[in-house]
Amino acid sequence: MADKFYITTPLYYVNASPHIGHSYTNIAADSLARHMRKNIGGGNVWFLTGTDEHGQKIQKAADEKKLTPQEFADRTVSQFKLLWKELNISYDDFIRTSEERHVKTVQKVLEILYEKNDIYQDKYEGWYCTPCETFWVESQVADQLCPDCKRKLEKISEINYFFKLSKYQDWLIKYIQVHPEFVRPQNRYNEVLSFLTSNKLNDLCISRPKERLSWGIPLPFSSGHVCYVWFDALINYISAVGYFDEKNHYISEWWPADLHLIGKDILRQHAVYWPIMLAALGIDLPKTIFAHGWWLIGENKMSKSRGNVVNPIDMVNQFGIDTYRYFLLRDVPFGLDGNFSEEAIIKRFNSDLANDLGNLVYRTLTMVEKYYQGAVPQQGKLDEAGKKIGEIIKALPAEAAASMKELGFSLALEKIWDLISLANKYIEQKKPWNLAKENKVDELKAFIRLLVDVIAAVAGEIAPFMPDTAASIKAQLGEKEIRKGKPLFPRIDNLRTDS
RNA sequence: CGCGGGGUGGAGCAGUCUGGUAGCUCGACAGGCUCAUAACCUGUAGGUCACGCGUUCAAAUCGCGUCCCCGCAACCA
């Protein structure tokens, strides 16, 4: 039974400011966390996010700004925290890989695996790509260029430590085969499985010599090395919510994670390295790793070099928090890539938020004011169409929950909007202004009350996605008397094309 | 023989696995209504489902082939 829900986002690398992609992951995670809190109780949900702060790139970036790596990281961390506040991200914990609790756990993990001989020392001779921080074996390299980035590789020879990924490859394949829910969506699952079955895993080099990199977690068994960032970073998921006891058993009230939410670019680390690390430690695996898609800017990939990176704060300032959250979760099915543009946001804003939702709330409350001086009437006898809407209201939470279970944010919102649209149609059908003229008192009362019930239900269901809007609607509905406010989403006038 | 995604009314997409009236949102046009944010409701137009061949009683959907588009340096969700 789902009596607890532990959800994580990736730890964001602090070498640059947050962008739309970071915000996408956290908004999705936040909506899910809020949804689950509603369903299983706030105390049963744990939502973790944080930052990944070690490694060469951070050290380099810090050097350029004449800061220590820690000072540099602190600056970016405050940007992330500010953004999460702006976006109403309700995380329960924020972990930084530079924190003591994390460092200690990583070192413990290293010790355990070293004692177990799953980490071994070897002389590494081969090719190293400094910008990528990646090792390559002879067979992968052509023309002394990095297979990934095509830049020149360095030939190096040094003592390093390796984690025995290869030992667990067959085990992992079997595990994934019998756990179809381990990686989602389906295409990513297929991708991982085919990668595992068609390649032989190399052991993972998990150390970096200190002379090359000092900004990292020191290996407990070698004073000359620090830990490779990915190996360090993944451990956050357990270092944040538990500890190892004297017998090296991992103790946690939250682990295993129910969901690791990630972007599609970091699937391999999460679906291959991480489960093997856990298996080697004798720790349960997370239930599901879900890799979502990317936002393309117009038709292009977002990239710093193209200079088309979208700043989430700008979007929030321009369109509002809830509009931004709604757009990201509604416009594209979770898992697929999407096209981001201001035009697309405006379109969604005007049609879904202003015309459908905002207008329904506004027109309904106006009728409550006009016909009942602001007092919401009692429920009454409904016609067939009205009864049907009543049933849909009752069924909506379960409908939305079913979609959310599959991380179908877009679908869940569609279902909510189906009700909104139905209500708008029903108004047209009942013509309340005629009921009022014809003095059909009971029918009008029951009708208006149904509309209010629709709005209340909608407010309840959109709360995980648009917390402020939901709160505003609830406030406007009031206790006994409504307190109508200004339109929730005043239309954005397209004619205004100033610069 | 590189890998992957895709080509469905003006735009964006669903449908393809499990063949059988081609659906949704936006846009356009017309009408209705007035409680409402020029909103809402109804209706209309618009598609040889990239192309060819094949399987089948029947193909957007299955098979084979062809063409075209996008991504595949780093940063990074």
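Our subject is the structure that appears above.
What comes next concerns the included structure. (Residues numbered from 1 in each chain as written. Chains lettered and ligands numbered in written order. Predicted model: local features only at pLDDT ≥ 70, side-chain atom pairs only at ≥ 80, totals over all residues. Heavy atoms only, no water.)

Remarks on the overall build of chain A
Right, so step 1: Within chain A one finds 17 helices and 17 strands.
Right, so step 2: Projecting the C-alpha coordinates of chain A onto the three principal axes gives extents of approximately 90 × 55 × 40 Å.
Right, so step 3: Across the 499 residues in chain A, those meeting the buried criterion constitute 55%.
Right, so step 4: Counting only contacts in chain A whose residues sit at least 6 apart along the sequence, the fraction spanning at least 24 positions is 75%.
Right, so step 5: A total accessible area of about 22,900 Å² is found for chain A, and carbon and sulfur atoms account for 50% of it. (Helix = DSSP H or I, 4+ residues; strand = E, 2+ residues; numbered from the N terminus. Buried < 20%, exposed > 50% of the residue type's maximum accessible area, 1.4 Å probe, protein only. Contact = heavy atoms within 4.5 Å. Areas by Shrake-Rupley, 256 points an atom, 1.4 Å probe, with all protein chains shown as cover.)

Looking at the pairing of strand E1 (residues 5-13)
Right, so step 1: Summarising burial for E1: 9 of the 9 residues are buried, a large majority.
Right, so step 2: Two strands pair when backbone bridges link them, and E1 and strand E2 (residues 45-52) are joined in this way by 7 bridges, in the parallel orientation. Each residue of the ladder has a partner; that of Ile7, found in E2, is Phe47.
Right, so step 3: Handedness of the E1-helix H1 (residues 20-40)-E2 crossover: right-handed.
Right, so step 4: Direction of pairing for E1 relative to strand E13 (residues 259-263): parallel, over a ladder of 2 bridges. (Pairing = 2+ DSSP bridges. Right-handed = clockwise from strand over helix to strand, strands pointing away.)

Things to note about the nonpolar core
Here is a general trend for soluble globular proteins: nonpolar side chains tend to be buried in one another's company.
Right, so step 1: Membership of the largest hydrophobic core comes to 165 residues, with the highest contact counts inside it found for Phe163, Phe231, Trp255, Phe340, Leu357 and Trp417.
Right, so step 2: No other element matches helix H12 (residues 342-372), which puts 13 residues into this core.
Right, so step 3: In this view, Phe163 contacts Leu113, Asp118, Ile119, Asp203, Leu204, Ile206, Phe231, Ile276, Met277 and Ala280; residues no more than four positions away in its chain are not counted.
Right, so step 4: Counting 5 residues, the second largest nonpolar core, distinct from the first, contains Tyr128, Ile156, Phe162 and Cys205. (Core = buried A, V, L, I, M, F, W, Y, C linked by side-chain atoms within 4.5 Å.)

Focus: the pattern of salt bridges
Right, so step 1: For the structure on display, the rule yields 26 salt bridges.
Right, so step 2: Here Asp118 and Lys167 are joined by a salt bridge, their closest N and O atoms 2.6 Å apart. Taken together, the residues Asp118 in the loop between helix H4 (100-115) and strand E4 (119-129) and Lys167 in the loop between strand E6 (154-163) and helix H5 (169-178) connect sequence positions 49 residues apart.
Right, so step 3: A salt bridge links Lys287 to Asp258; the nearest nitrogen and oxygen atoms lie 3.3 Å apart. Linking Lys287 in the loop between helix H9 (267-281) and strand E14 (289-292) with Asp258 in the loop between strand E12 (250-252) and E13, this pair joins segments that are 29 residues apart in sequence.
Right, so step 4: Look at Lys287 and you get partly exposed, because its relative accessible area is 42%.
Right, so step 5: The class of Asp258 is buried, set by a relative accessible area of 14%.
Right, so step 6: It is possible to trace a salt-bridge network through shared partners that takes in Lys4, Asp258 and Lys287. (Salt bridge = Lys/Arg side-chain N within 4 Å of Asp/Glu carboxyl O.)

A few points about helix H2 (residues 56-64)
Side chains three or four residues apart in an α-helix point the same way, a direct result of the helix having 3.6 residues per turn.
Right, so step 1: Of the residues making up H2, those classed as buried are Gln56, Ile58, Gln59, Ala61 and Ala62.
Right, so step 2: A positive phi of about 60 degrees marks Lys66, the residue just after H2.

Quick look at the packing of aromatic side chains
Right, so step 1: Inspection of every chain in the model, using the stated rule, returns 28 aromatic pairs.
Right, so step 2: Between Tyr24 and Phe334, the ring centres sit 5.5 Å apart and the planes meet at 65 degrees, which makes this aromatic pair edge-to-face. Highlighted residues: Tyr24 in helix H1 and Phe334 in the loop between helix H11 (321-331) and strand E17 (338-340), separated in sequence by 310 residues. Each member of the pair Tyr24 and Phe334 is classed as buried.
Right, so step 3: Grouped by ring-pair contacts, the aromatic residues Tyr24, Phe290, Trp295, Phe327, Phe334, Phe340 and Phe409 constitute a single cluster.
Right, so step 4: Across from the ring centre of Phe94, 4.7 Å away, lies the NZ or CZ of Lys81, which sits over that ring.
Right, so step 5: The lysine or arginine in question, Lys484, covers the ring of Tyr362, its NZ or CZ lying 4.1 Å from the ring centre. (Phe/Tyr/Trp six-rings, centres within 6.5 Å; stacked < 30°, edge-to-face > 60°. Lys NZ or Arg CZ within 6 Å of the ring centre and 35° of its normal.)

Things to note about helix H10 (residues 312-319)
Right, so step 1: Burial in H10 covers these residues: Pro312, Met315, Val316 and Phe319. Here the buried residues of H10 occupy an arc of 100 degrees about the axis, which is enough to place them on one side.
Right, so step 2: Buried residues belonging to H10 abut H1, helix H3 (69-86), H11, E17 and H12.
Right, so step 3: Here H10 starts with a cap whose side-chain oxygen sits 2.9 Å from the backbone nitrogen of Ile313, and that cap is Asn311. (Arc of directions from axis to C-beta. Polar contact = N/O pair within 3.5 Å; in protein donor to acceptor, adjacent residues only side chain to side chain.)

Let's talk about the sheet that holds E14
Right, so step 1: In spatial order, the strands read E3-E2-E1-E13-E14-E7; together these 6 strands make up an open sheet with parallel pairing. Bordering the open sheet on either side are strand E3 (93-96) and strand E7 (183-184), each of which pairs with just one other strand.
Right, so step 2: As paired elements, E7 and E14 share 2 bridges and run parallel to each other. For Val183, the partnering residue across the bridge sits in E14 and is Ile289.
Right, so step 3: Against the sheet, H3 makes contact with E1, E2 and E3, and its axis sits at roughly 160 degrees relative to E3, the strand it touches most. (Axes fitted to C-alpha atoms, helices over the stretch in contact; angles between N-to-C directions.)

Points about the sheet that holds strand E16 (residues 300-301)
Right, so step 1: Pairing within the open sheet is mixed, and its 3 strands lie in the order E16-E15-E17. Looking along the sheet, the strands with just one partner apiece sit at the ends: E16 and E17.
Right, so step 2: Note that strand E15 (residues 295-297) and E16 share 2 bridges and pair antiparallel. Its bridge partner being in E16, Leu296 is matched across the sheet by Lys301.

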